[in-house]
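# Commentary on secondary and tertiary structure
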Amino acid sequence: VEVAGATLPEDILDHALASFGDKILNTRSTTWRALDAAERAKDPKALLVAHPKLMKRPLIQSGDAFYLGWDKTVQDALAG
């Protein structure tokens, strides 16, 4: 699966979707704002495949854990 200019293995995308649900979608992006209501209502995976720039970044895998974004909580979790 091509997401955000990089090839993301489908199993990783599926795991990220299972972990974060629709929170994986960057609903503040210009890409999101350009979508009509019918497009926005589609399944998050279908949206990411059709519009890779919709994925929030970074998606970080550390062992079996996944983290989305780079806030203080993620930084603390990865620091220790």
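Summary of the structure given here. (Residues numbered from 1 in each chain as written. Predicted model: local features only at pLDDT ≥ 70, side-chain atom pairs only at ≥ 80, totals over all residues. Heavy atoms only, no water.)

### Topic: the pattern of salt bridges
Put simply, the test is: Salt-bridge detection follows one rule: a side-chain nitrogen of Lys or Arg within 4 Å of a carboxyl oxygen of Asp or Glu. A run of DSSP states H or I qualifies as a helix once it reaches four residues; a run of E qualifies as a strand once it reaches two. Both are numbered from the N-terminal end. Throughout this description, buried means an accessible area under 20% of the type-specific maximum (1.4 Å probe, protein chains only), exposed means over 50%, and partly exposed covers the range between.
The tally for this structure, following the rule as stated, stands at 4 salt bridges. Salt-bridge contacts for Lys45 lead to Asp14; the nearest nitrogen and oxygen are separated by 2.8 Å. Of this pair, Lys45 sits in helix H4 (residues 44-50) while Asp14 is found in helix H1 (residues 10-20), placing the two residues 31 residues apart along the sequence. Across the pair Lys72 and Asp76 runs a salt bridge, and its minimum N-O distance is 3.2 Å. Here Lys72 pairs with Asp76, and both are found in helix H5 (residues 72-79), just 4 residues apart, close to one helical turn. Accessibility expressed as a relative area gives 57% for Lys72, which makes it exposed. Among the charged side chains, a salt-bridge network with shared partners connects Glu10, Asp14 and Lys45.

### A few points about H1
In plain terms, the rule: Within this analysis, the arc is defined by the directions that extend from the helix axis to the C-beta atoms.
Burial in H1 covers these residues: Ile12, Leu13, Ala16, Leu17 and Phe20. The buried side chains of H1 occupy one side of the element, clustering within an arc of 135° when seen end-on. Residues of H1 that are exposed and angled more than 90 degrees away from the buried face: Asp11 and Ala18. Immediately beyond the C-terminal end of H1, within one or two residues, lies Gly21, with a positive phi of roughly 60°.

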